[in-house]
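# Structural description and commentary
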Amino acid sequence: MQGRSFTRLALAALFAVAGALFLGQGAGRAAGIANSNKVDQQCLACHSIAGMEKELQGGEKLSLHVDGAKFAKSVHSMIGCAVCHGSVTLENHPPSKTKIPSLREYSIERTKVCASCHGEVLKLYQGSIHAALVRDGNPVAPICTDCHNPHTVKAKGAYDTATGAPCSKCHGSVFDAYAASVHGKAGLDCSNCHRAHDVNPATTGDQLKNACLGCHPDALAAHEIWLPNAAQHFETVSCPACHVPGAKRKVDLRLYDNVTKQSVAEKEGVPQFDNWVRSAKVKGGDLDAMALYSLLREFNRDPTDNKTTLRGRLELSKGIDAHRLMAKSQAIRDCARCHQQGADAFQSVTVSIVGPDGRPVRYGAKPEVLHSIVSMDSVSGFYAIGGTRIKLLDWLLVLAVMGGIGVPIGHMTVRWLFKKYAKKISGKEDS
Amino acid sequence: MPRIYVHPLPVRIWHWINALGFVAMLVTGFQIRYIGLFDLMSFRTAVVLHNWIGFVLIGNFFIWLAFYLFTDKIRVYHPELSPMKHFRASFRQAMFYGYGIFKGDPNPHHVSVYQKFNSMQSMSYQVIMLMLVPLQFYTGVLLWDVSRFSGMIDVLGGVRVVDTAHVLIFIFFAGFIPMHIYLATLGHTRMAHIRSMLTGYEEVEEEHGAGA
């Protein structure tokens, strides 16, 4: 019923356009498309009508309305309608027979059109977490048209500093946290750190650290002035762990390949880590030191092959907190915040692997894994002096100090007693 | 009482720098490992001091090494090649410290220019000076700049392994140094050995001898 009325409306509009052109009335000008070519003007004669839409198979409505004035200002007005909608001709239009299952599927299908001009950008996007989520069937993961309205897109990019759109459409709470941060107040946008198209999971790889160092190239030199082992801190401590002083922190122990020098990734369809951890957790709660030891043995079947290890990284427990970066004067500079027993940073531990889609797969571990002598091998790549010290060594130290002081005191006491005894004996002998 | 010159000047300089340095390393080491348990100084101050003193001690070690390598005094470190002879002498020395000293027996070891160490000292100082001290310096340097030496640290099994080796030797010295000081007071007078390490001259009696 609606399809028929749409057809009637479209045909009426086409006739109207033809009549207007014939009479030289400049119908395009009336629709705000003064700069458009004649074909575009023909299209917009109908599609500039507000509320024009098409009902899809699933009952959703596909808007067919294009704001002519906004389109005229967009970068795509230069190429015109036909470049993207090449399959539409006056002979076959409107293609009412085309079956479109859903808005989502239509948008995904249309990315091929974007690729025809923006192939390089699409290639970047295909490697992103957003594309991985789309492939996984996530119904809200963004595709081209979720961030870029093809009829209003401008050259300066899709991001709106004031509202955080389009990122804030999905990451609203993150944007709110970020807007109050030192970077948010400075007017930087999300893509300054996360990049616009090749967005990676924040906790894998070095992309974010490199983003920090990209704008703060002297950061390492500035830290080396006061921070011992600054380079190592840069390696194992995420920037927000110190620069968001109030946030809860944790240690993430990542499976790491010593040969390839990269994080270990779970193979598609072979969830070795996932299966192993699940079976270990069935036995009870978070992973303990023995479980971690067994996990490493699982990944290093050959006893002489220790290519897989665990590398620890101190980061924030909640990703949202990483966006609350504060001015450097407020950052943590007190070493004791981490380097003492019971430090909050070491009360929460996870073990992770990079999942097949690039996102980390994490499981909880008991904080004791950082202090156990059993972890000597399995957690060999992470150690914070004082904060994750091995408790057995504390007892050895107590024994050594007691021995070092106690043995001389005992020896001295026995010598003194013998001296008195010897004097008594000799005194008796004299008498 | 006759005196013999057993501690040449370079050895005495090395010894006292080493003594002060090791005590400072123990104090700062305690502070680094147990910040919060006692707070003599800030963690950062302790780390910076620990690093600087560590490098001074490494330099000082080479004074000791060079002196003994390039003089005939190295004979004081020559090991006793007969295990039986060494065992007997060590047993006699242990019996003296564990029993004879209480009765007022004379020290079985007689100090001479080329035999200033008793057999127990000679064994333990070889282990300490040629194994534990270099290992402690080596692990200390690796921990001083973990990033720079990450390749070496990985070969050794990771930063936790290197730190544990460093801490185990620290624990040994935490026990050894008080004993060393006590043993130094077991000469014919309480200050005899300590004074000799200041002057270089050891007073020798017919029936008394070495200690620390």
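Residues numbered from 1 in each chain as written. Chains lettered and ligands numbered in written order. Predicted model: local features only at pLDDT ≥ 70, side-chain atom pairs only at ≥ 80, totals over all residues.

## So, the overall build of chain A
Put simply, the rule reads: Numbering of helices and strands starts at the N terminus; helices are DSSP runs of H or I of at least 4 residues and strands are runs of E of at least 2. For every residue, the other C-beta atoms within 10 Å of its own C-beta are counted; 20 or more classify it as buried, 12 or fewer as exposed, and values in between as partly exposed. C-beta atoms are placed from the backbone. Here, residues touch in the contact sense if the C-beta positions derived from the backbone fall within 7 Å of one another.
Across its full length, chain A carries 21 helices and seven strands. For chain A, the residues scored as buried account for 27% of the 431 residues in total. Of the contacts made within chain A by residues no fewer than 6 positions apart, 69% connect residues no fewer than 24 positions apart.

## What about the overall build of chain B?
For chain B, the helix and strand inventory stands at seven helices and two strands. From first element to last, N terminus to C terminus, chain B shows the α and β order β-α-α-α-α-α-α-α-β. Summarising its shape, the C-alpha atoms of chain B cover approximately 55 × 35 × 30 Å along the three principal directions. Per-residue burial over chain B gives 29% buried out of 212 residues. Within chain B, residue pairs in contact and separated by at least 24 positions form 71% of the contacts whose partners lie at least 6 positions apart.

## Things to note about the packing of helix α4 (residues 119–144) of chain B against helix α6 (residues 159–183) of chain B
Relative placement of two packed helices is described by the angle separating their axes and the distance separating the axes. Residues and elements named next belong to chain B. Threshold: For helices, the axis comes from a line fit to the C-alpha atoms of the stretch in contact; other axes are also lines fit to C-alpha atoms, and the angle between any two N-to-C directions lies between 0 and 180 degrees. Our angle categories are set so that under 35 degrees counts as roughly parallel, over 145 as roughly antiparallel, 65 to 115 as roughly perpendicular, and the remainder as oblique. Each crossing is labelled by how the near helix is turned from the far one, with a counterclockwise turn of less than a right angle marking it left-handed and a clockwise turn marking it right-handed. The nonpolar class holds Ala, Val, Leu, Ile, Met, Phe, Trp, Tyr, Cys and Pro. Asp, Glu, Lys and Arg form the charged class, and all remaining residues, Gly among them, are polar.
Between α4 and α6, the shortest axis-to-axis distance is 9 Å and the interhelical angle comes to 135°. By the criterion of interaxial angle, the relationship of α4 to α6 is oblique. Crossing hand, α4 versus α6: left-handed. Each of Leu132, Leu135, Gln136, Thr139, Gly140, Leu142 and Leu143 in α4 lies in contact with α6, whose residues at this interface are Val162, Asp163, Ala165, His166, Ile169 and Phe172. Looking at the contact of α4 with α6 residue by residue, the class counts come to eight nonpolar, four polar and one charged.

## Description of the interface of chain A and chain B
Across the contact, 35 residues belong to chain A and 33 residues belong to chain B. Secondary structure elements with two or more residues in the side of chain A that touches chain B: α16 (230–236) and α21 (391–430) of chain A. No other element matches the 14 residues that α21 of chain A contributes to the side of chain A that touches chain B. Within the side of chain A that touches chain B, the residues separate by chemical class into 20 nonpolar, 12 polar and three charged.

## Focus: unusual backbone geometry
Residues and elements named next belong to chain A. Cis peptide bonds are those with omega within 30 degrees of zero, and the linkage from Ala165 to Pro166 qualifies with 5°. When you line up the elements, Pro166 lands in the loop between α9 (144–147) and α10 (167–170). Positive phi outside glycine occurs at Asn229, with the angle close to 55°. Structurally, Asn229 is set in the loop between α15 (219–224) and α16. Its identity as a non-glycine residue notwithstanding, Lys261 has a phi of 60°, on the positive side. Within the secondary structure, Lys261 is located in the loop between β3 (249–257) and β4 (262–263). The exposure class assigned to Lys261 is exposed, which follows from the 7 C-beta atoms found within 10 Å.

## Brief notes about the pairing of β3 of chain A
Residues and elements named next belong to chain A. This is how the line gets drawn: Following DSSP output, two strands are said to pair if at least two bridges run between them.
Among the nine residues in β3, seven count as buried, and that is most of the element. Alignment of β3 against strand β5 (residues 308–316), held across nine bridges, turns out to be antiparallel. Directly across from Leu253, in β5, lies its bridge partner Gly312. Inspection of the sheet shows β3 paired to strand β6 (residues 349–354) by four bridges, in the parallel sense.

## Concerning the nonpolar core
To keep it simple, the criterion reads: Any nonpolar core is a set of buried residues, restricted to Ala, Val, Leu, Ile, Met, Phe, Trp, Tyr and Cys, that join up through C-beta atoms within 7 Å.
Counting residues in each nonpolar core, the largest one holds 57 residues, and the members touching the most others are Val251, Leu253, Leu287, Leu292, Ala365, Val369 and Val379 of chain A. Ignoring anything within four residues of it in the chain, the contact list for Leu292 of chain A reads Leu287, Val351, Ala365, Val369, Ser375, Ser378 and Val379 of chain A.

## Looking at the environment of Ile143 of chain A
All names here are of chain A. When you line up the elements, Ile143 lands in the loop between α8 (129–135) and α9. What makes Ile143 partly exposed here is the crowd of 18 C-beta atoms within 10 Å. As for Ile143 and Pro356, which are separated by 213 residues in sequence, their C-alpha atoms are 20 Å apart. Once you skip the residues sitting within four places of it in the chain, Ile143 turns out to touch Ser107, Ile108, Thr111 and Val134.

## Concerning the pairing of β6 of chain A
Residues and elements named next belong to chain A. Counted residue by residue, β6 has six buried out of six residues, so it is predominantly covered. Bridge analysis of β6 against strand β7 (residues 360–365) gives six bridges, and the strand direction is antiparallel. Of the residues in β7, the one forming a bridge with Ser352 is Arg362. Counted between consecutive antiparallel strands, the loop separating β6 from β7 contains five residues, among which Gly358 sits at a positive phi close to 95°.

## With respect to the packing of helix α2 (residues 43–69) of chain B against α4 of chain B
All names here are of chain B. Remark: α2 packs on α4, axes separated minimally by 11 Å, with the N-to-C direction vectors making an angle of 140°. Here α4 runs oblique to α2, going by the angle between their axes. Between α2 and α4 lies a crossing of left-handed hand. Contacts between α2 and α4 involve Asn51, Gly54, Ile58 and Phe61 on the former and, on the latter, Val133, Phe137, Gly140 and Trp144. In the contact of α2 with α4, the residues fall into five nonpolar, three polar and no charged.

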